[in-house]
Amino acid sequence: MSLPARIVTLLVAFLAVAAGVAFLCVHYLLASPPTVDYSAGVAANTGATVHVVMQEDPQNTVSSHPDWVSYFIQDPKTGAWVHTTLFSVPAGSKIDMTILGYDGCTPLRNNLWSGVTGTTGGVAFENGKPFTVLNSWSGCNVGHTFSIPAVDLNVPMGSPSLTATLCGTSPCTTNNPHETMTFSFMTPRKPGTYFWQCRIPCGGGFIDGFGGPMQTFGFMTGNMEVVS
Amino acid sequence: MAASPIEAGHAAGRAEPNHGLRIFLLWLPVAVAADLVIWIVWAPHLPPGSMSDTAHSQQWSIQFMAVLAAPVMAFVLIFAAYALIVWRHREGDDEDGPPIHGHARIQATWITVSAVIVLCLAAFGSYELAGTGFAGAGAGEGPSAIWTPTGGTPLQIQVIGQQWRFTYRYPQFGGFETTALMLPVNQPVQFNVTSLDVIHSFWAYQLGVKADANPGVNNIAFTTAKHTGKFIVRCAELCGLWHGAMTNYGNVVSMTAFRAWAAKTRVQLAAVTAALPPYATVYDPTVIPQINKAVAKSGITGANGYYYPPNDPVQP
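Residues numbered from 1 in each chain as written. Chains lettered and ligands numbered in written order. Predicted model: local features only at pLDDT ≥ 70, side-chain atom pairs only at ≥ 80, totals over all residues.

1. Overview of the overall build of chain A
Helix and strand counts for chain A come out as 1 helix and 13 strands. Within chain A, the fraction of its 228 residues that count as buried is 47%. (Helix = DSSP H or I, 4+ residues; strand = E, 2+ residues; numbered from the N terminus. Buried ≥ 20, exposed ≤ 12 C-beta atoms within 10 Å, placed from the backbone.)

Take a look at the structure:
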């Protein structure tokens, strides 16, 4: 093989490897679930009300981890359920949150998180009934929590009756047994990324129940993007 | 062939200058200046500050050791620079250096000075750590503290690490647990640090306190805050996805403000406190009766405590 041919071959091989590495980085490391936009058309820092709707399921049959518990977020424009845990809301606005709880119960490791904090009035509602504490140890009636540490928000999510047959296909529909959890809170006036998480050890098969879906975007943790 | 100037100098038996004196005269002002700069200018800004007795003690230790180390470092640098300049290779000098057979006085001096410095540092460190009236290390001492502060019964604050937040329990105020860390000024505090899941590390930077939070272990650390104000708390042990966000601010307030806060918080959190297990130095979620009772109700099957060890892929 001539020298120019060898040089060209070497360059092509090098570029192929570089392209492969770049693809891996982009595809696996930088890949992220979509962000559901709840901020469009709402002015920031006006106290405007934004209605965010989510659901938590016992599984995620639309993902490559069908046995992982998962949150879904409803697209406000289409009403479709999106497999993501990222959503954006306007700064300084009132969020009316509705979370449909389809998953069964698991007790908290720390029952402190049975208490409601950070909501308007320090209260949340389960099927319209107000509560300030949903004791996850008294009756195994809590499926997950929705917690944003940076704003001290924590709300335990009620779970369907112990005898109910849980939804088996995601996203679940309101025909399946569920609890409707509602609460309100104010978003910070300062734009930024505020992570949220579940505090129930629901990562089945992982140490302390805190691996897998608990540490993966699109399942039991995500970001609330506060935009100005 | 004509002899080089160096050869000519050697041949003439030129007297060597007193290098030791020269180096000493160069070193002395540099060492004194360095120590003065450290003592007067740098010391007040050394980490972690002086918000607590432990922090101040650490700052003083760093200051003291820096003052000891600076002359040593200055000597090494000056000696190296002197050697590079004075004993550098000169053009035309192909002669071998003189054979070295050792110098008992220099070696004895070197070993003695090094030994004295190291022993002084060891004695100083030990005295600072354990001496009466000092502040301890600010580090976790394990469940049986080897050093305890003087000056009355410490305020007990339990630090509970969990993915991904520290919570704080106050057993002397009804055992309420909160996400806010509040402590009174000029009051010895005993942090009882533990974890509910993986290993975390409680690092109250400005207080000079850092203690590992291990599951099943009560790691005790002491401090006494000397100034009011905010301090930052970070997790110093990589503990999962949101380790970097496992941070919050603590507050040192007056004793009056602390008592008012504790009384108010105790009432506010009464309903949640009732749902907590009795105060204990450690919590093993796998054997807390209420958890196992709830799990039994749910019909979840799995290993002890139903919290899914790595080899037990049981789903709820």
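Now that the structure has been shown, we can carry on.
2. Quick word on the overall build of chain B
A count of helical and extended segments in chain B gives 7 helices and 10 strands. Residues counted as buried form 28% of the 316 residues belonging to chain B.

3. Notes on the domain arrangement of chain B
Think of interface size as the accessible area that goes away when the parts come together; that is how it is often given. Residues and elements named next belong to chain B. What the domain assignment lists for chain B is domain 1 (17-86 + 110-136) and domain 2 (155-275). Relative to domain 2, the C-alpha centre of domain 1 lies at a distance of 35 Å. In this assembly, 11 residues from domain 1 lie in contact with 13 residues from domain 2. Residue classes in the side of domain 1 that touches domain 2 are distributed as 3 nonpolar, 7 polar and 1 charged. (Domains from an automatic or database assignment. Contact = placed C-beta atoms within 7 Å. Nonpolar A, V, L, I, M, F, W, Y, C, P; charged D, E, K, R; others polar.)

4. Considering the interface of chain B and chain A
The interface is formed by 35 residues belonging to chain B together with 34 residues belonging to chain A. Mapped by element, the contributors of at least two residues to the side of chain B that touches chain A are β1 (155-162), β2 (165-170), α6 (270-275) and α7 (289-298) of chain B. Looking at the side of chain B that touches chain A element by element, the count peaks at 6 residues for α7 of chain B. When grouped by side-chain class, the residues that make up the side of chain B that touches chain A number 23 nonpolar, 8 polar and 4 charged.

5. Thoughts on helix α1 (residues 3-29) of chain A
With 27 residues, α1 of chain A ought to run about 39 Å at 1.5 Å a step, and its terminal C-alpha atoms sit 38 Å apart, in line with that. For α1 of chain A, the buried fraction is low: 0 of the 27 residues fall into the buried class. (Expected span 1.5 Å × (residues − 1).)

6. Details of the packing of helix α2 (residues 19-42) of chain B against helix α3 (residues 53-86) of chain B
All names here are of chain B. Two numbers describe how α2 lies on α3: the axes approach to 9 Å, and their chain directions differ by 150 degrees. Between α2 and α3, the crossing angle belongs to the class labelled roughly antiparallel. When you trace α2 past α3, the crossing you get is right-handed. Mapping the contact onto sequence places I23, L26, W27, V30, A31, A34, D35, I38 and W39 in α2 and Q63, A66, V67, A70, P71, A74, F75, I78, F79 and Y82 in α3. Residue classes in the contact of α2 with α3 are distributed as 17 nonpolar, 1 polar and 1 charged. (Axes fitted to C-alpha atoms, helices over the stretch in contact; angles between N-to-C directions. Parallel < 35°, antiparallel > 145°, perpendicular 65-115°, else oblique. Left-handed = near helix turned anticlockwise from the far one by under 90°.)

7. Topic: the domain arrangement of chain A
Per the domain assignment, the segments of chain A are domain 1 (1-31) and domain 2 (34-227). Spacing between the C-alpha centres of domain 1 of chain A and domain 2 of chain A amounts to 43 Å.

8. Comments concerning the pairing of strand β9 (residues 229-235) of chain B
All names here are of chain B. Note that strand β6 (residues 200-204) and β9 share 3 bridges and pair antiparallel. When the sheet's bridge partners are listed, W203 is paired in β9 with R234. With 6 bridges connecting them, β9 and strand β10 (residues 247-253) associate as antiparallel partners. Across the sheet, the residue bridging to K230 is N251, located in β10. (Pairing = 2+ DSSP bridges.)

9. Let's talk about the sheet that holds β6 of chain B
Residues and elements named next belong to chain B. Read from one edge to the other, the open sheet built from 5 strands follows the order β4-β10-β9-β6-β7, with strand pairing classed as mixed. At either end of the open sheet lies a strand with only one pairing partner, and these are β4 (181-184) and β7 (209-213). The average undirected angle you get between the axes of adjacent strands in this sheet is 20 degrees. Lying on the sheet, helix α5 (residues 255-268) is in contact with β4 and β10; it crosses β4 at an angle near 140 degrees.

10. Describing the nonpolar core
If you look at the biggest cluster of nonpolar residues, it comprises 86 residues, and the most contacted ones within it are V155 of chain A together with I157, V159, F191 and F202 of chain B. With residues near it in sequence (within four places) discarded, V155 of chain A still touches V116, T119, A124, T145, F146, M181 and F183 of chain A. Counting 5 residues, the second largest nonpolar core, distinct from the first, contains W164, V198, C239 and M246 of chain B. (Core = buried A, V, L, I, M, F, W, Y, C linked by C-beta atoms within 7 Å.)

11. Description of unusual backbone geometry
Here S170 of chain A and P171 of chain A are connected by a cis peptide whose omega angle stands at -10 degrees. Locating P171 of chain A in the fold gives a position in the loop between β10 (153-158) and β11 (179-186). The residue after Q163 of chain B, namely W164 of chain B, is reached through a cis peptide bond having omega 0 degrees. Looking at the secondary structure, you find W164 of chain B in the loop between β1 and β2.

12. Thoughts on the packing of α3 of chain B against helix α4 (residues 104-130) of chain B
Residues and elements named next belong to chain B. At a closest axis distance of 11 Å, the pairing of α3 and α4 adopts a crossing angle of 170 degrees. With respect to their mutual orientation, α3 and α4 come out roughly antiparallel. Between α3 and α4, the contacting residues are S57, S61, F64, M65 and L68 on the first element and I117, L121, F124 and E128 on the second. Grouping the constituent residues of the contact of α3 with α4 by class yields 6 nonpolar, 2 polar and 1 charged.

13. Quick notes on the environment of Q59 of chain B
Residue and element names in this part refer to chain B. Assignment of secondary structure puts Q59 in helix α3. On a C-alpha basis, the gap between Q59 and S254 in space is 24 Å, while along the polypeptide they are 195 residues apart. Residues within four places of Q59 in sequence aside, it is in contact with L46, P48, G49 and S50.

14. So, the environment of A70 of chain B
For A70 of chain B, the position within the fold is in helix α3. Linking A70 of chain B and A33 of chain B, residues 37 residues apart in sequence, is a C-alpha distance of 9.7 Å.

15. Describing the sheet that holds strand β8 (residues 219-224) of chain B
All names here are of chain B. Strand order in this open sheet of 5 strands is β3-β2-β1-β5-β8, and the pairing throughout is mixed. Every interior strand has two partners, whereas the edge strands, β3 (176-178) and β8, have only one. Shown here is a sheet whose adjacent strand axes are inclined to one another by a mean of 25 degrees, direction ignored. With 6 bridges connecting them, strand β5 (residues 188-195) and β8 associate as antiparallel partners. Pairing of V189 across the sheet is with T223, part of β8.

16. Some thoughts on the confidence of the model for chain B
Residue and element names in this part refer to chain B. On average, residues of chain B carry a pLDDT of 86, and 88% of them reach 70 or more. Scored below 50 in pLDDT, residues 1-9 shows 8 contacts in the model against residues more than four places distant or in partner chains. Across residues 302-316, where pLDDT falls below 50, the model places 37 contacts with residues more than four positions away in sequence or in other chains. Under the prediction, the complex receives an ipTM of 0.86, its pTM being 0.84. (pLDDT = per-residue confidence, 0-100.)

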